[in-house]
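# Architecture and fold: a report
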Amino acid sequence: MATLIQIRDLSKIYERGKQKVEVLHHINLDIEQGDFLALMGPSGSGKTTLLNMIGGLDSPTGGQIAVGGEHLADMGAGALARWRAANVGFVFQFYNLMPMLSAQRNVELPLLLTKLSASQRRKNAEIALQLVGLSDRGSHKPSELSGGQQQRVAIARAIVSDPTLLVCDEPTGDLDRQSAEEVLGLLRQLNRDHGKTIVMVTHDPKAAEYANHTLHLDKGTLVEQATA
Ligand code: ADP
Ligand code: MG
């Protein structure tokens with residue numbers, strides 16, 4: 001398998017006034033194309049910071065990150081935004097759906113950045129909703145859906161542009177056990193059957209079992225620990 005994500009000597013320092021906080025220390029990590037990686041670690045250990053840099057939402061203060069051979073630091077803001085739209089799907093703990101829009105419209109949103117026609121956008125969103133098992137909920141607003149269903153809509157939105165990479169930040173953190181298992185089963189299916197590379201931050205060892213392997217972050221340093 002080819003390496004999709006190559007992280008070299010990655011550091012992140014936040015400056016709060018005069019105080020400097022080094023959140024990530026010289027991280028080295030290769031993530032293979034088609035991998036499903038779980039990232040665990042205590043609160044404040046830098047998981048979200050690392051995930052956001054992998055997805056091109058944030059930039060490092062030191063070191064390099066390349067995805068599919070492209071160095072993110074070399075891209076300007078516009079190029080990076082286009083790269084993200086084409087290559088990365090984001091799934092967050094609290095879904096981040098637009099409350100006024102139907103499930104179908106929420107899923108279509110990322111496609112507004114593309115050249116697809118309105119009917120093609122609608123069609124692609126329908127396919128994505130079908131994939132997450134919510135074909136019959138397209139006209140529902142988020143408030144008319146359960147938490148697990150809302151997260152599946154968010155996953156449909158994340159995959160509607162057919163990105164290579166899914167980054168998920170505690171995607172089951174706000175769900176009951178059964179909904180969490182549905183969402184995790186869906187992520188596993190997207191990994192196994194659709195070849196999506198997934199990096200998932202989680203607090204939950206049961207959630208991490210769905211991944212192929214687990215890495216632990218501790219105070220900004222990576223520690224590998226074997227799971228299954
Ligand atoms: P985790 O997701 O593992 O809980 P985060 O990556 O969110 O950890 O945060 C790691 C550390 O970086 C925390 O101490 C947090 O307070 C700090 N931090 C995160 N974002 C910022 C920011 N924008 N400015 C300053 N400090 C930040
Ligand atoms: Mg976090």
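Basis of the calculations
Residues numbered from 1 in each chain as written. Chains lettered and ligands numbered in written order. Predicted model: local features only at pLDDT ≥ 70, side-chain atom pairs only at ≥ 80, totals over all residues. Heavy atoms only, no water. Axes fitted to C-alpha atoms, helices over the stretch in contact; angles between N-to-C directions. Helix = DSSP H or I, 4+ residues; strand = E, 2+ residues; numbered from the N terminus. Parallel < 35°, antiparallel > 145°, perpendicular 65-115°, else oblique. Left-handed = near helix turned anticlockwise from the far one by under 90°. Contact = heavy atoms within 4.5 Å. Near = heavy atom within 4 Å. Polar contact = N/O pair within 3.5 Å; in protein donor to acceptor, adjacent residues only side chain to side chain. Areas by Shrake-Rupley, 256 points an atom, 1.4 Å probe, with all protein chains shown as cover. Nonpolar A, V, L, I, M, F, W, Y, C, P; charged D, E, K, R; others polar. Phe/Tyr/Trp six-rings, centres within 6.5 Å; stacked < 30°, edge-to-face > 60°. Pairing = 2+ DSSP bridges. Expected span 1.5 Å × (residues − 1). Buried < 20%, exposed > 50% of the residue type's maximum accessible area, 1.4 Å probe, protein only. Salt bridge = Lys/Arg side-chain N within 4 Å of Asp/Glu carboxyl O.

Moving on, we get to the packing of helix α5 (residues 147-159) against helix α6 (residues 177-194). Contact geometry of α5 with α6 gives a least axis separation of 9 Å together with a crossing angle of 20°. Comparing the axis directions of α5 and α6 gives the class roughly parallel. α6 is crossed by α5, and the crossing has right-handed handedness. In this structure, α5 contributes Gly148, Gln151, Arg152, Ile155 and Ile159 to the contact, and α6 contributes Ser179, Glu182, Val183, Leu186, Leu187 and Leu190.

Here the focus is the site of ligand 1. In the vicinity of ligand 1, the contacting residues are Tyr14, Arg16, Val23, Pro42, Ser43, Gly44, Ser45, Gly46, Lys47, Thr48 and Thr49. Measuring from an oxygen atom of ligand 1, one finds a backbone N or O atom of Gly44 at 2.7 Å. Contact between ligand 1 and Lys47: an oxygen atom at 2.8 Å from a side-chain N or O atom of the residue. Compared with its free state, where it exposes 570 Å², ligand 1 has 63% of that area covered by protein. Where the shell around ligand 1 is concerned, the elements lending two or more residues are β1 (3-16) and α1 (47-54). Here the element with the most residues in the shell around ligand 1 is α1; it accounts for three residues. Taken together, the residues that form the shell around ligand 1 break down as three nonpolar, six polar and two charged.

Overall, the coordinates contain one aromatic pair when judged by the stated rule. Here Phe90 and Phe92 contribute two aromatic rings whose centre-to-centre distance is 6.1 Å and whose plane-to-plane angle is 5°, an arrangement assigned as stacked.

Here the focus is the sheet that holds β1. In space, the four strands of this open sheet follow the order β2-β1-β4-β5, with antiparallel pairing throughout. Two strands in the sheet have a free side with no partner beyond their single neighbour: β2 (19-32) and β5 (70-71).

Right, let's get into α5. Between its first and last C-alpha atoms α5 spans 19 Å; for 13 residues at 1.5 Å apiece the expected length is 18 Å, and the two agree. Of all 13 residues in α5, twelve are buried; the element is thus mostly enclosed. For α5, the set of buried residues is Gly148, Gln149, Gln150, Gln151, Arg152, Val153, Ala154, Ile155, Ala156, Arg157, Ala158 and Ile159.

Our next topic: unusual backbone geometry. The phi dihedral of Asp9 falls on the positive side, at around 50°, and the residue is not glycine. Within the secondary structure layout, Asp9 lies in strand β1. Non-glycine residue Tyr95 carries a positive phi angle of around 65°. Of note, Tyr95 is situated in the loop between β6 (88-91) and α3 (103-108).

Attention shifts here to the pattern of salt bridges. It is possible for side chains of opposite charge to pair when their charged atoms get near one another. In the structure shown here, the tally under the stated rule is seven salt bridges. Close ionic contact of Arg8 with Asp30 constitutes a salt bridge, the shortest N to O distance being 3.1 Å. Here the residue Arg8 occupies a position in strand β1, and Asp30 occupies one in strand β2, the gap between them amounting to 22 residues. The class for Arg8 is partly exposed, based on a relative accessible area of 32%. With a closest N to O distance of 3.3 Å, Glu182 and Arg152 form a salt bridge.

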